[in-house]
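# Report on the structure
Read off the chains here:
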Amino acid sequence: MEKHDGRDTGELRFDDPWYDALASGWGELDGTGAVAPAVPSARTEHDGRAGGTADVYLEVQRSAAFQEVRSRYRRFVVPGVVVFFTWYVGYVVTATTAPALMARPVAGAVNVAMVAGLGQFLTTFLFTWAYARHARLRRDRAALDLRWDTQELTRSVRGGEL
């Protein structure tokens, strides 16, 4: 929403370069198993310039900088998800197949199942912290640089409009 003098005017601004990005439809399947058609752009007033802007996004997506950001993301997330999912499934399988082990007391009324269950929460918080740290240290700056470059390129394609 556009704000003038601190008040919300209710007007939407459509000059954000990320507005044309589709929210869905990329590689998703429809009910028949075929790839769903892409969602058409909601912006009709700039159709004449959309091709140039689309080319900018494709150029950025193919760039080495973008590929490096995606690679850094995958190098962290894929092993993290595998470890976390294995730990979760191991907990569930152990709880259902070895109830005697899970009922073994650790300290007083606290048993192995309680410790492992609390461990699930702990690892969730640790994984979230590690993800945020990794993003901040290894991806955020490069992603912001890419966004800045993309905005500059789309601005030049649109003829310097603001």
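By convention here, each chain's residues receive numbers from 1 onward along its written sequence. The predicted nature of this model means local features are confined to residues of pLDDT at least 70 and side-chain atom pairs, given and counted, to a pLDDT of 80 or more, with totals for whole chains, interfaces and linings taken over all residues. Only hydrogens and water are set aside; all other atoms, that is, all heavy atoms of the structure, feed into the side-chain values.

Once that is clear, we can look at the overall build of the protein. Summing up its helical and strand segments, the protein has 4 helices and 4 strands in all. Where helices and strands are cited, they refer to DSSP runs of H or I of at least four residues and of E of at least two residues respectively, numbered from the N terminus. For the protein, the N- to C-terminal ordering of α and β elements is β-β-α-α-α-β-β-α. Summary of the burial criterion: residues with accessible area below 20% of their type's maximum are buried, those above 50% are exposed, and those between are partly exposed, where the area comes from a 1.4 Å probe applied to protein chains only. Considering the protein as a whole, with its 162 residues, one finds that 17% of them fall into the buried category. Only heavy atoms matter for contacts: two residues are in contact if any of them lie within 4.5 Å across the pair. Across the protein, every contact between residues at least 6 apart in sequence was considered, and the portion connecting residues at least 24 apart equals 57%. Surface exposure here means Shrake-Rupley accessible area, sampled with a 1.4 Å probe, where a residue is shielded only by the protein chains that are shown. As presented, the protein carries roughly 11,800 Å² of accessible surface, and 63% of it is formed by carbon and sulfur atoms.

Further remarks concern a nonpolar patch on the surface. On the surface, Val-81, Phe-85, Tyr-88, Val-89, Val-92 and Val-93 cluster together into a nonpolar patch covering about 500 Å² of accessible area. For Val-93, the position within the fold is in helix H2 (residues 64-97). Every patch collects residues that have over 30% relative accessible area and no salt bridge, joining them within 9 Å if they carry like charges and within 5 Å if they are nonpolar side chains (Val, Leu, Ile, Met, Phe, Trp, Tyr). Salt bridges are counted wherever a side-chain nitrogen of Lys or Arg sits within 4 Å of a carboxyl oxygen of Asp or Glu.

Turning next to the side chain of His-134. Within the secondary structure, His-134 sits in helix H4 (residues 112-157). The contacts of His-134, once residues within four sequence positions are left out, are Arg-72, Phe-76 and Arg-139.

Turning our eyes to something else, we now look at the side chain of Arg-139. Tracing the backbone through its elements, the reader meets Arg-139 in helix H4. It turns out Arg-139 is buried and unbridged, and the closest side chain with the opposite charge, Asp-140, is 5.5 Å from it. Beyond its immediate sequence surroundings of up to four residues, Arg-139 is in contact with Val-69, Arg-72, Tyr-73, Tyr-131 and His-134. Positive: Lys, Arg. Negative: Asp, Glu. His and the chain ends are not part of the count.

Moving on to the pattern of salt bridges. Opposite charge on two side chains permits pairing when their charged atoms draw close. If you walk through the whole model with that rule in mind, you get 4 salt bridges. Of the charged contacts in the structure, one is a salt bridge between Glu-68 and Arg-75, with a shortest N-O distance of 3.5 Å. Classification of Glu-68 by relative accessible area gives partly exposed; the value is 32%. Measuring nitrogen to oxygen at the nearest pair gives 3.6 Å for the salt bridge that ties Asp-145 to Arg-141. Taken together, the residues Asp-145 and Arg-141, both in helix H4 and 4 residues apart, mark about one turn of the helix. Looking at Asp-145, the relative accessible area reads 36%, which means it is partly exposed. Among the charged side chains, a network of salt bridges with common partners joins Glu-68, Arg-72 and Arg-75.

A few words now on the confidence of the model for the protein. Summarising the model, the protein shows a mean pLDDT of 76, and 66% of its residues fall at 70 or more. The predictor reports its confidence for every residue as pLDDT, a score running from 0 up to 100. Confidence drops under pLDDT 50 across residues 38-50; counting only partners more than four residues distant or on other chains, this segment forms 12 contacts.

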